[in-house]
Amino acid sequence: MKLSVEISKYPLHSDYIPFIKSFIERLNQHENLKVITNTMSTQVFGDYDVVMSVIQTEMRASFEQFGKCIFVCKFISGDLSPEA
């Protein structure tokens, strides 16, 4: 089963750019995911189990590294990437 996720991260810190960039860079290290980033959100596409596992791991890493932040996510079944 394929999954599409749209994620917005809101670090509770005045210098928020490095917090967001770090999360996106870690997502991009997973070769089995398709990651598209724009000015409003990051979209992640791939196999359901892989996407969920990576998001869980990287959200935890964000909390551990940077402290409090908010993630807003939308989950949609199927691959809704522009190239699909």
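A short tour of the structure in this document, coming up. Model, not experiment: these values are computed from the prediction. (Residues numbered from 1 in each chain as written. Predicted model: local features only at pLDDT ≥ 70, side-chain atom pairs only at ≥ 80, totals over all residues. Heavy atoms only, no water.)

Looking now at the pattern of salt bridges. A complete count under the given rule lists four salt bridges for this structure. Among the salt bridges present, the one from Lys74 reaches Glu6, with a minimum N-O distance of 3.1 Å. Of this pair, Lys74 sits in strand β4 (residues 69-77) while Glu6 sits in strand β1 (residues 2-11), and the two are 68 residues apart along the sequence. Glu64 serves as the salt-bridge partner of Arg60, at 2.8 Å between the closest nitrogen and oxygen. Here Glu64 and Arg60 lie together in helix α2 (residues 48-66), a separation of four residues that amounts to about one turn. The class for Arg60 is exposed, based on a relative accessible area of 55%. (Salt bridge = Lys/Arg side-chain N within 4 Å of Asp/Glu carboxyl O. Helix = DSSP H or I, 4+ residues; strand = E, 2+ residues; numbered from the N terminus. Buried < 20%, exposed > 50% of the residue type's maximum accessible area, 1.4 Å probe, protein only.)

Two pairing modes exist for strands in a sheet, parallel and antiparallel, and in both the strands are linked by backbone hydrogen bonds. One open sheet holds the four strands; their spatial order is β2-β3-β1-β4, and the pairing between them is antiparallel. Where the open sheet ends on each side, the last strands, each with one partner, are β2 (34-37) and β4. Between one strand and the next, the sheet's axes are offset by a mean angle of 20°, whatever the strand orientation. Note that β2 and strand β3 (residues 42-47) share four bridges and pair antiparallel. Paired with Lys34 across the bridge in β3 is Phe45. Seen against the sheet, helix α1 (residues 17-28) touches β1, β2, β3 and β4 and runs at an angle of roughly 160° to β1. Sitting on the sheet, α2 touches β1, β3 and β4, and the angle it makes with β1 is about 10°. (Pairing = 2+ DSSP bridges. Axes fitted to C-alpha atoms, helices over the stretch in contact; angles between N-to-C directions. Contact = heavy atoms within 4.5 Å.)

As a further point, take the side chain of Ser8. If you trace the backbone, Ser8 turns up in strand β1. There is a polar contact of 3.2 Å between the side chain of Ser8 and the backbone oxygen of Met40. (Polar contact = N/O pair within 3.5 Å; in protein donor to acceptor, adjacent residues only side chain to side chain.)

Our next topic: α2. If you check α2, its first and last C-alpha atoms are 27 Å apart, about what 19 residues at 1.5 Å a residue would give, namely 27 Å. When α2 is considered as a whole, its buried residues turn out to be Val51, Val54, Ile55, Glu58 and Ser62. What you see down the axis of α2 is that its buried residues fit within an arc of 100°, all on one side. Exposed and oriented more than 90 degrees from the buried face of α2 are Asp49, Gln56, Arg60 and Glu64. On its buried face, α2 sits against β1, α1, β3 and β4. Phi for Gly67, located one or two positions after α2, is positive at around 85°. (Expected span 1.5 Å × (residues − 1). Arc of directions from axis to C-beta.)

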